[in-house]
Amino acid sequence: MQGPKGQESAGYHGYWVTDFTTVDPHLGTDADFKALVDAAHARGIKVYMDIIVNHTADVIQYRECGDCAYRSRAEFPYGRKGGVAGAAINNGFAGDDIRTPENFAKLTRPDYAYTPFVPAAERHVKVPAWLNDPIYYHNRGNSTFAGESSTMGDFVGLDDVFTEHPRVIAGMIEIFASWIDRFGIDGFRIDTARHVNPEFWAAFVPAIQARAKAKGIPNFHIFGEVADPDTSALARHTRVDKLPTVLDFAFARTVNAVSAGEVGTDKLAAVFAADPLYEGGEATARRLPTFIGNHDQGRAAFFIRKANPNASAEELLARDRLAHAMLLLLRGVPTIYSGDEQGFVGDGDDQNAREDMFASKVAVYNDNKLLGTTRTNAVANFDTDHPLFREIATLAKLRRAHPALTRGRQVLRFAGEKPGLFAVSRFDPVTGGEILIAFNSSPQPWTGNVQVEAGSTTFASLAGVCPATAAAPGSVTLTLPAFGYAVCAAGKSQ
């Protein structure tokens with residue numbers, strides 16, 4: 001258990017690692033994991049691991065205090081014990097910016113900020129064994145999640161790994177490459193990626209990709225969790241940190257706000273207008289994992305209900321359908337949080353958004369009112385007839401059938417300052433064929449004209465209602481119901 005008194009939490013999610021080399025025993029064995037991966041691959045399903053390099057379980061303690069405040073490099077430099085006025089230590093160490101084995105060989109004492117120690121009963125608890133040495137941790141106290149402490153402070157007490165250290169870089173590469181070698185997994189989702197120095201990722205990512213290619217996995221996918229809704233901050237981690245992609249938190253916050261009716265659709269246009277900022281530009285943006293709910297921030301349905309506390313069950317479901325349509329039809333790689341397809345709502349944030357798909361015994365889960373069903377979390381929820389399950393399945397099938405909806409470039413057609421129309425065109429990467437996608441975030445029906453390519457003169461309805469022909473060259477007339485959407489495949493007159 002860890003955390004302030006009365007707010008303790010267990011590391012049930014697996015991030016409080018002691019052994020980086022095997023499956024956590026309460027989840028099964030390595031053989032079980034191998035069987036899972038093999039069974040998934042046999043069904044055409046890829047398996048990604050959620051990994052952590054930033055910290056381990058809280059094993060290292062400090063002589064000076066328990067819940068220790070962060071101590072900076074300026075006030076507590078590596079060359080002094082306990083502050084600038086302390087005795088000289090680590091003579092010749094040129095600082096963590098000189099990331100060579102020769103320089104770090106001179107860092108022999110970890111007591112520059114605090115005096116770290118490992119309790120006798122836990123001196124050999126971490127695997128691989130090198131992780132038991134405090135020299136491979138920053139030992140500067142708790143992060144404030146700002147400034148240098150963001151990458152060098154303990155994560156709410158968890159031991160913060162010294163990721164600038166060459167031994168740590170090599171060790172972490174070997175740890176996670178081994179999972180590829182042994183199990184043939186297909187990708188990594190990197191937790192707390194922004195709390196690691198960029199130089200670590202610049203070394204880690206290409207090494208992991210090379211190891212995957214050697215294993216016969218040419219498209220090993222890596223994306224980082226950068227929990228920030230600012231597109232410039234997200235893009236920075238693809239340029240500076242060299243992460244191939246990051247979770248699109250900007251997309252998540254904005255789709256939830258738009259589908260809830262809190263903001264105009266121009267906010268969504270602003271997210272996509274920043275796509276060129278990513279390393280690789282819009283092509284990279286099309287590969288960003290997009291989502292509208294997750295285990296930490298909460299579910300789309302939670303945000304929609306919170307913004308519309310007096311809305312009917314029908315309206316809430318319609319708004320949630322709209323959010324999922326945006327997720328599955330707009331640029332990016334849709335990532336659906338388990339339970340969303342069953343109308344789970346939750347109470348938001350960590351723990352309170354982690355309802356069981358099986359019958360739950362957790363009171364704060366079982367009192368939730370779900371969308372689109374009379375079921376509760378107290379019973380198993382694997383209903384393939386749930387309206388959200390059917391909607392998501394239909395949209396997923398539509399995506400697979402039309403490359404424009406998976407890999408096609410996206411062009412904005414309309415966005416407004418109030419709830420209402422949001423429209424884009426997406427284009428087949430091979431044929432150039434246009435698909436017009438239009439959403440209505442307003443509680444009122446919408447009718448009007450939307451721009452299309454001048455050569456798009458006929459239309460087939462892939463979802464919703466589309467006109468058979470253009471109203472004029474470059475313009476099509478659409479009618480959308482409240483919270484409705486339409487997907488119109490363009491053709492040319494013969």
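Residues numbered from 1 in each chain as written. Predicted model: local features only at pLDDT ≥ 70, side-chain atom pairs only at ≥ 80, totals over all residues. Heavy atoms only, no water.

The next subject is the overall build of the protein. A count of helices and strands for the protein gives 13 helices and 15 strands. Taking 2.2 N^0.38 as the reference for a compact globule, 494 residues should give roughly 23 Å; the C-alpha atoms of the protein span a radius of gyration of 25 Å, in line with that estimate. The principal-axis extent of the C-alpha atoms belonging to the protein is close to 80 × 45 × 45 Å. For the protein, the residues scored as buried account for 51% of the 494 residues in total. Of the contacts formed within the protein by residues at least 6 apart in sequence, a portion of 65% connects residues at least 24 apart. Taking the average place of the 49 positive charges on the side chains of the protein and the average place of its 56 negative ones, the gap between the two points comes to 4 Å. (Helix = DSSP H or I, 4+ residues; strand = E, 2+ residues; numbered from the N terminus. Rg over C-alpha atoms; globule rule 2.2 N^0.38 Å. Buried < 20%, exposed > 50% of the residue type's maximum accessible area, 1.4 Å probe, protein only. Contact = heavy atoms within 4.5 Å. Lys, Arg positive; Asp, Glu negative; His and termini not counted. Charge placed at Lys NZ, Arg CZ, Asp CG, Glu CD.)

Our next topic: the state of the cysteines. This model, assessed by the stated rule, comprises 2 disulfides. In this model Cys65 forms its disulfide with Cys68; the gap between the sulfur atoms is 1.8 Å. With the S-S dihedral at roughly 125 degrees, the linkage between Cys65 and Cys68 falls on the right-handed side. Residue Cys466 pairs covalently with Cys488 via a disulfide, S to S 2.0 Å. On the S-S bond that ties Cys466 to Cys488, the torsion sits near -85 degrees, and the link is left-handed. Here Cys466, found in the loop between strand E13 (458–463) and strand E14 (475–480), pairs with Cys488, found in strand E15 (residues 485–491); they are 22 residues apart in sequence, far enough to count as distant. (Disulfide = S-S within 2.5 Å.)

Judged by pairing direction, the sheet is antiparallel, and its 5 strands sit side by side in the order E9-E10-E11-E15-E13 without closing on themselves. Single-partner strands in this sheet number two, and they are strand E9 (409–414) and E13. Geometrically, the sheet is characterised by an average inter-axis angle of 25 degrees between neighbouring strands, direction not taken into account. Here 7 bridges tie strand E10 (residues 421–427) to strand E11 (residues 434–440), and the two strands are oriented antiparallel to one another. Bridge pairing links Arg426 to Ile435 in E11. Where helix H11 (residues 313–329) meets the sheet, it contacts E10, E11 and E15, and its direction lies at approximately 155 degrees from that of E11. (Pairing = 2+ DSSP bridges. Axes fitted to C-alpha atoms, helices over the stretch in contact; angles between N-to-C directions.)

Another aspect to go through is the packing of aromatic side chains. Under the defined criterion, the tally for this structure stands at 25 aromatic pairs. Centroid distance Tyr78 to Phe162: 6.0 Å. Interplanar angle 20 degrees. Geometry classified as stacked. Here Tyr78 is found in the loop between strand E2 (61–62) and helix H2 (101–104), whereas its partner Phe162 is found in the loop between helix H3 (149–152) and helix H4 (166–183), with 84 residues between them in sequence. Here Phe272 and Phe422 contribute two aromatic rings whose centre-to-centre distance is 6.2 Å and whose plane-to-plane angle is 35 degrees, an arrangement assigned as tilted. In this pair, Phe272 sits in helix H8 (residues 266–273) while Phe422 sits in strand E10, placing the two residues 150 residues apart along the sequence. Pairwise contacts between aromatic rings join Phe20, Phe176, Phe188, Phe200, Trp201, Phe204 and Phe220 into one cluster. Sitting above the plane of the Phe117 ring, Arg63 keeps its charged end 3.8 Å from the centroid. (Phe/Tyr/Trp six-rings, centres within 6.5 Å; stacked < 30°, edge-to-face > 60°. Lys NZ or Arg CZ within 6 Å of the ring centre and 35° of its normal.)

Below, the discussion takes up the side chain of Asp160. The residue Asp160 is located in the loop between H3 and H4 in this model. For the buried Asp160, no salt bridge is present, and the opposite-charge side chain at shortest range is Arg140, 8.7 Å distant. Once you skip the residues sitting within four places of it in the chain, Asp160 turns out to touch Asn54, His55, Tyr137, His138, Thr151, Met152, Gly153 and Asp154. (Salt bridge = Lys/Arg side-chain N within 4 Å of Asp/Glu carboxyl O.)

The biggest cluster of nonpolar side chains holds 109 residues, and the ones touching the most others in it are Met172, Phe176, Ile185, Phe188, Phe204, Leu329 and Phe439. With 10 residues, H4 is the largest single contributor of residues to this core. Among residues more than four places away in sequence, those in contact with Phe439 are Leu322, Ala325, Met326, Leu329, Leu330, Gly420, Leu421, Phe422, Leu480, Gly484 and Tyr485. In terms of nonpolar packing, the next biggest core, distinct from the first, is built from 13 residues, Leu436, Ala438, Val452 and Phe459 among them. (Core = buried A, V, L, I, M, F, W, Y, C linked by side-chain atoms within 4.5 Å.)

Hydrogen bonds between backbone groups are what pair the strands of a sheet, and the pairing can be parallel or antiparallel. Pairing within the open sheet is parallel, and its 4 strands lie in the order E1-E4-E5-E6. Each edge of the sheet is formed by a strand with only one pairing partner; in this case those strands are strand E1 (48–51) and strand E6 (245–246). Note that E1 and strand E4 (residues 187–190) share 4 bridges and pair parallel. Considered in E4, the bridge of Ile51 is made with Ile190.

Following both chains from N to C, one finds helix H10 (residues 300–307) and H11 inclined at 135 degrees, their axes separated by 10 Å at the closest point. Comparing the axis directions of H10 and H11 gives the class oblique. Crossing of H10 against H11: the hand is right-handed. Within the contact between the two elements, H10 uses Ala300, Ala301, Ile304 and Arg305 and H11 uses Leu316, Arg319, Asp320 and Ala323. Of the residues in the contact of H10 with H11, the class split is 5 nonpolar, no polar and 3 charged. (Parallel < 35°, antiparallel > 145°, perpendicular 65-115°, else oblique. Left-handed = near helix turned anticlockwise from the far one by under 90°. Nonpolar A, V, L, I, M, F, W, Y, C, P; charged D, E, K, R; others polar.)

This paragraph deals with empty space enclosed by the protein. By the definition in use, this model includes 1 cavity of 30 Å³ or more. Quantified by volume, the largest cavity comes out at close to 30 Å³. What lines the largest cavity is Val59, Ile60, Val118, Glu122, Arg123, Lys126, Leu131, Asn132 and Tyr137. Here the lining of the largest cavity is built from residues that sort into 5 nonpolar, 1 polar and 3 charged. (1 Å grid on protein atoms, 1.4 Å probe; cavity = no way out; pocket = protein on both sides within 12 Å on 5 of 7 lines; lining within 4 Å. Points joined across faces, edges and corners; volume = space filled by probe spheres on them.)

Here we take up the environment of Ser143. Within the element layout of this structure, Ser143 appears in the loop between strand E3 (116–117) and H3. Relative accessible area serves as the criterion here: at 11%, Ser143 is assigned to the buried category. Between the C-alpha atom of Ser143 and that of Phe459, which follows or precedes it by 316 residues, the distance is 55 Å. Beyond its immediate sequence surroundings of up to four residues, Ser143 is in contact with Ser149, Ser150, Gly153 and Asp154. A polar contact of 2.8 Å, which involves the side chain of Ser143, links it to the backbone oxygen of Ser149. (Polar contact = N/O pair within 3.5 Å; in protein donor to acceptor, adjacent residues only side chain to side chain.)

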